Amino acid sequence: MSQNAIRFEHVDVIFGQNAPRAVSMLDQGQGRDAILDKTGCLVAVHDASVFVNEGEILVLMGLSGSGKSSLLRCVNGLNTVTRGKVIVHDGNREVDVARCEPETLRRLRRNRISMVFQQFGLMPWLTVRDNIGFGLDVRGMDRAERDRIVEEKIKLVRLDKFADKFSHELSGGMQQRVGLARAFATEADILLMDEPFSALDPLIREHLQDELIELQQKLKKTIVFVSHDLDEALKIGSRIAIMESGRVVQFGVPEEIILNPVNDYVRQFVASMNPLTVLKGGTLMRPVADLAREPGGTTIQLDRAGKCRCQLDARGKPVNLIVNGKPGEMVPYATDLDLAKLPDHAMVCGTDRTPMRAAVTVRSQTKRPLVLLGDDGELLGVVGEHEIYRGMLRQSEYARVNGAQPM
Amino acid sequence: MEGLEQVITQHKIEIGRGAKVVVDWLTSNFEWLFDGITYGLRVPIEGTVDLLLAIPSLAFVGICAAIAFLLQRSWKLVAFVILGLLLILNLGLWKDMVETVVLILYATFVSLSIGIPIGIICSRRPWLYRLLSPILDMMQTIPTFVYLVPTLIFFGLGLVPGIIATVIFAVPAPIRLTYLGISQVPTALVEAGESFGCTRWQLLWRVKLPAALPTIMAGVNQCIMLSLSMVVIAALVGAGGLGRPVVRSLGQANVPLGVESGLAIVIVAIILDRLLKRRATQRAGAGQV
Ligand SMILES: Nc1ncnc2c1ncn2[C@@H]1O[C@H](COP(=O)(O)OP(=O)(O)OP(=O)(O)O)[C@@H](O)[C@H]1O
Ligand SMILES: [Mg+2]
């Protein structure tokens, strides 16, 4: 458990004067509407238990009013937790934000947790530079150190040329980059992001998502990200919690949510999604054990027609590759690989994390399946036409094992 | 019917006498305080007046023009300042003008140093504002002469009762606008401040006050204008300044003097107002969040 950076344990968030009464009504199993009528209290979050590990991105998803922001804002105490615990890992101890001293909370806010807001929340009277340094100034950091960090973060979000501008002189996308830099500047490991890209137009949004993913690979923050857009959630989330009127209805990794939605609410979210952008080759591949072998021989067929064949060495690595009757060659997959120029004895190989989308392009351009290799080069399986169809139908070994109905 | 009226008129409720008792009691028990205030205000004010009068008037005009340029970067305003002040000099109202400006600056200074903190406290405690609000209304609607009399008794004739009366009339503006400005700071900014671990003081200094600054400055401007509108009344109790020729012209039905001194007041008002207006470029940024 210790690697959990944040852990929500049975969190209730109730807005209104008469929270104790609302809590007892909740325990009697009464609904949100009944509680609102009788006590005037609004149950924004009920019994939420989710977690996020160090360096991961947890996405809170759901329709408007489902309680995403309310849950997120518990982490840095912008909302009070009515019941339950919000454990934040801090150094080598765990702090329950719901019950800690104001002093402790302030220390966490200054050093451990920072936040990016949907409407940016930049101070209009400060320049870009001073906005980025805001958290450091609050901390009372000395000038030279502060200037050094600010300069570094301005470069990180590529706003060097705009350092002395005011926020109203920047576009929305730039303003949010300032928001990001301000959050990064405190060097907090935990980043809370409440729909940070929703106020931006789609192109800029996509761009910033990519930037965030890129920055995340460098910085390895723990991020809790609120979104109402499944594409965004699946794109950046390592784990997704789907919320419906205050409850977490499903919590899992993106593939689990795509392949195995627990109820109609989640299924509706998922329905509009192209599964191939999320699913990974490893989930849908035909594993090596299921590949056809020549009767009595050691040769394995990598495709149905048997035009691609190989043998395995003692460690399971493919050897003696034959493609279209010639000695074959393995070419590692990369997004900028020019598939059209590959010779017809080449096979493209990836790992179990290679997205299904890659398998689709490889298959359509080379007419040969994508070969998946493990970390030590051992053959894991292949993704061919059949596996791609299964992906589109959201069927997999995984779904079958977990008893989900194919959609 | 008539009997009832007689009962009512014959048994007068002694509000006036009660007030006099209070005033008497205050005068006899707090004389030291009133004397202290009188002294504490008169010395710096007279000192400032003397200091400003010691500057050659043409040099003074030049300094004002420079300040106008530095604050507003507008040649139009600079021209207006120079011409306006020269006209006042020409009319022979220079000394009165300087006295008026000093009076206004001190009255504004006192109003702001009382009003802004009260406005800030009110923004933390809305009940206090609800309590204060009718009192503030009263301070601005009661005819000035009503509180001028006790003020005169406490402080005697001269500058100080003039300033006190001015402060009573002008202080509601900074209180109201400080309160308004701070309560209108967008929650998003306050939350951003909180999320970076601001203490209460930091939240006030680093977020709320800067965000409320345009509104607070509007309060400052209003405060100055309200003070200026008290110039004539201040002159009645012996405060000096441009109000004095106005009062004199009233007594003597002296139309030329009345017009000239009135014109001088208007010129001072316009100059002060334009000097303290936020520049157009500053305003563009202020509205956005
Ligand atoms: N400070 C508050 N006081 C009272 N009710 C609140 C408060 N904040 C949120 N709520 C209510 O709690 C419920 C959940 O709100 P929340 O902001 O968490 O939803 P959300 O999932 O973030 O929605 P959105 O996508 O619109 O941001 C809503 O019904 C909202 O009206
Ligand atoms: Mg929200």
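Definitions and limits used
Residues numbered from 1 in each chain as written. Chains lettered and ligands numbered in written order. Predicted model: local features only at pLDDT ≥ 70, side-chain atom pairs only at ≥ 80, totals over all residues. Heavy atoms only, no water. Salt bridge = Lys/Arg side-chain N within 4 Å of Asp/Glu carboxyl O. Helix = DSSP H or I, 4+ residues; strand = E, 2+ residues; numbered from the N terminus. Buried < 20%, exposed > 50% of the residue type's maximum accessible area, 1.4 Å probe, protein only. Axes fitted to C-alpha atoms, helices over the stretch in contact; angles between N-to-C directions. Parallel < 35°, antiparallel > 145°, perpendicular 65-115°, else oblique. Left-handed = near helix turned anticlockwise from the far one by under 90°. Contact = heavy atoms within 4.5 Å. Nonpolar A, V, L, I, M, F, W, Y, C, P; charged D, E, K, R; others polar. Near = heavy atom within 4 Å. Polar contact = N/O pair within 3.5 Å; in protein donor to acceptor, adjacent residues only side chain to side chain. Areas by Shrake-Rupley, 256 points an atom, 1.4 Å probe, with all protein chains shown as cover. Phe/Tyr/Trp six-rings, centres within 6.5 Å; stacked < 30°, edge-to-face > 60°. pLDDT = per-residue confidence, 0-100. Pairing = 2+ DSSP bridges. Buried area = accessible area lost by both parts, 1.4 Å probe. Disulfide = S-S within 2.5 Å.

**Student:** Is there a simple way to think about the pattern of salt bridges in this case?
**Tutor:** Two side chains that carry opposite charge are able to pair once their charged atoms sit near each other. Counted according to the given criterion, the structure contains 37 salt bridges over all chains. Of the charged contacts, one joins R148 of chain A and E145 of chain A as a salt bridge, the two residues approaching to 3.5 Å between their closest N and O atoms. Of this pair, R148 of chain A and E145 of chain A are both found in helix α7 (residues 143–156), three residues apart, which corresponds to roughly one turn of the helix. Judged by its relative accessible area of 44%, R148 of chain A is partly exposed. For E145 of chain A, a relative accessible area of 32% puts it in the partly exposed group. Salt-bridge contacts for K95 of chain B lead to E99 of chain B; the nearest nitrogen and oxygen are separated by 3.0 Å. Separated by four residues within a single helix, K95 of chain B and E99 of chain B lie in helix α6 (residues 94–124), roughly one turn from each other. Judged by its relative accessible area of 45%, K95 of chain B falls in the partly exposed class.

**Student:** Which parts of the structure should I look at to understand the packing of α6 of chain B against helix α9 (residues 159–170) of chain B?
**Tutor:** Helices that pack against each other are described as a pair by the angle of their axes relative to one another and the distance between those axes. All names here are of chain B. Between α6 and α9, the least distance of the axes is 9 Å, while the angle of their chain directions is 50 degrees. What the angle tells us is that α6 and α9 run oblique. Two packed elements cross with a definite hand, and for α6 against α9 that hand is right-handed. On α9, the residues touching L103, Y106, A107, V110, S111 and I114 of α6 are L159, I163, T166, V167 and A170. In the contact of α6 with α9, the residues fall into nine nonpolar, two polar and no charged.

**Student:** For this particular structure, what's the right way to read the site of ligand 1?
**Tutor:** Residue and element names in this part refer to chain A. All residues adjacent to ligand 1 are F15, L42, A44, L63, S64, G65, S66, G67, K68, S69, S70 and E195. One nitrogen or oxygen atom from the main chain of G65 is found 2.8 Å from an oxygen atom belonging to ligand 1. Expressed as a share of its isolated accessible area of 630 Å², the protein-covered part of ligand 1 is 60%. Elements represented by at least two residues in the shell around ligand 1 include exactly β2 (42–48) and α3 (68–72). No other element matches the three residues that α3 contributes to the shell around ligand 1. Its residues assigned to classes, the shell around ligand 1 comprises four nonpolar, six polar and two charged.

**Student:** Any chance you could explain the packing of aromatic side chains here in plain terms?
**Tutor:** How two aromatic rings sit relative to each other is given by the distance of their centres and the angle of their planes. Residue and element names in this part refer to chain B. One pass over the full model with this rule turns up twelve aromatic pairs over all chains. Here Y129 and Y179 contribute two aromatic rings whose centre-to-centre distance is 3.7 Å and whose plane-to-plane angle is 10 degrees, an arrangement assigned as stacked. Linking Y129 in helix α7 (residues 126–141) with Y179 in helix α10 (residues 172–183), this pair joins segments that are 50 residues apart in sequence. Neither residue differs from the other here; Y129 and Y179 are each classed as buried. Ring pairs connect the aromatic residues W25, F30 and W32, which therefore count as one cluster.

**Student:** When you look at the confidence of the model for chain B in this model, what are you seeing that I'm missing?
**Tutor:** Where the model shows low pLDDT, its predicted coordinates should not be examined in detail. Residues and elements named next belong to chain B. Averaged over every residue, the pLDDT of chain B is 89; residues scoring 70 or more account for 96%. Confidence scores differ between elements of chain B, with helix α16 (residues 280–286) showing the lowest mean pLDDT of 49 and α10 the highest of 96. Considering only residues more than four positions removed or in separate chains, one finds that residues 283–289, a stretch of pLDDT under 50, has twelve contacts. Overall fold confidence for the complex sits at a pTM of 0.80, while the interface term, ipTM, reaches 0.80.

**Student:** Looking at this structure, I do not really get the pairing of strand β18 (residues 346–350) of chain A. What am I missing?
**Tutor:** Looking along a regular strand, one sees side chains alternate from face to face of the sheet. Residue and element names in this part refer to chain A. Across the five residues of β18, five count as buried, placing the element largely inside the fold. Two strands pair when backbone bridges link them, and strand β17 (residues 329–332) and β18 are joined in this way by four bridges, in the parallel orientation. Bridging from a neighbouring strand, P332 pairs with C349 of β18. Pairing of β18 with strand β19 (residues 370–373), which is carried by two bridges, proceeds in the parallel orientation.

**Student:** Help me out: how do you make sense of the interface of chain A and chain B in this one?
**Tutor:** One frequent convention defines the size of an interface as the accessible area lost when the parts assemble. Contacts between the two partners involve 23 residues from chain A, matched on the other side by 19 residues from chain B. Buried surface at the junction of chain A and chain B, both sides included, amounts to about 1900 Å², of which 65% is carbon and sulfur. Across the salt bridge formed by E191 of chain B and R73 of chain A, the nearest N and O atoms sit 2.7 Å from each other. Along the contact surface separating chain A from chain B lie five residue pairs in polar contact (both at pLDDT 80 or more). For the side of chain A that touches chain B, the secondary-structure elements that each account for two or more residues are α4 (102–111), β7 (113–116), α6 (134–139) and α8 (172–185) of chain A.

**Student:** I tried to follow the side chain of H46 of chain A on my own but got confused; where do I start?
**Tutor:** Residues and elements named next belong to chain A. Residue placement: H46 occurs in strand β2. A polar side-chain atom of H46 sits 3.2 Å from a polar atom in the side chain of R247. Not counting the four nearest positions on each side in its chain, H46 is found in contact with V11, D12, L26, G246 and R247.

**Student:** Any chance you could explain the environment of P327 of chain A here in plain terms?
**Tutor:** Residues and elements named next belong to chain A. Examined against the element boundaries, P327 turns out to sit in strand β16 (residues 326–327). The spatial distance from the C-alpha of P327 to the C-alpha of A346 is 9.0 Å, given a sequence separation of 19 residues. Once you skip the residues sitting within four places of it in the chain, P327 turns out to touch L321 and H345.

**Student:** Please clarify how the confidence of the model for chain A should be interpreted in this entry.
**Tutor:** All names here are of chain A. Across chain A, pLDDT averages 88, with 96% of residues at or above 70. Element-level mean pLDDT values for chain A span from 45 in helix α16 (residues 397–401) up to 96 in helix α5 (residues 128–132). In the model, residues 398–407 has pLDDT below 50 throughout and makes 14 contacts with residues more than four positions away in sequence or in other chains.

**Student:** Would you explain the state of the cysteines in this entry?
**Tutor:** Linking two cysteines covalently via their sulfur atoms produces the bond known as a disulfide. All names here are of chain A. With the rule as written, the count across this model stands at zero disulfides over all chains. Left without a disulfide partner, C74 is nearest to the cysteine sulfur of C100, which lies 12 Å away. Under the relative-accessibility criterion, C74 is labelled buried at 1%. There is no disulfide at C349, and the cysteine sulfur nearest it, in C310, is 12 Å away. Overall, the relative accessible area of 10% leaves C349 in the buried class.

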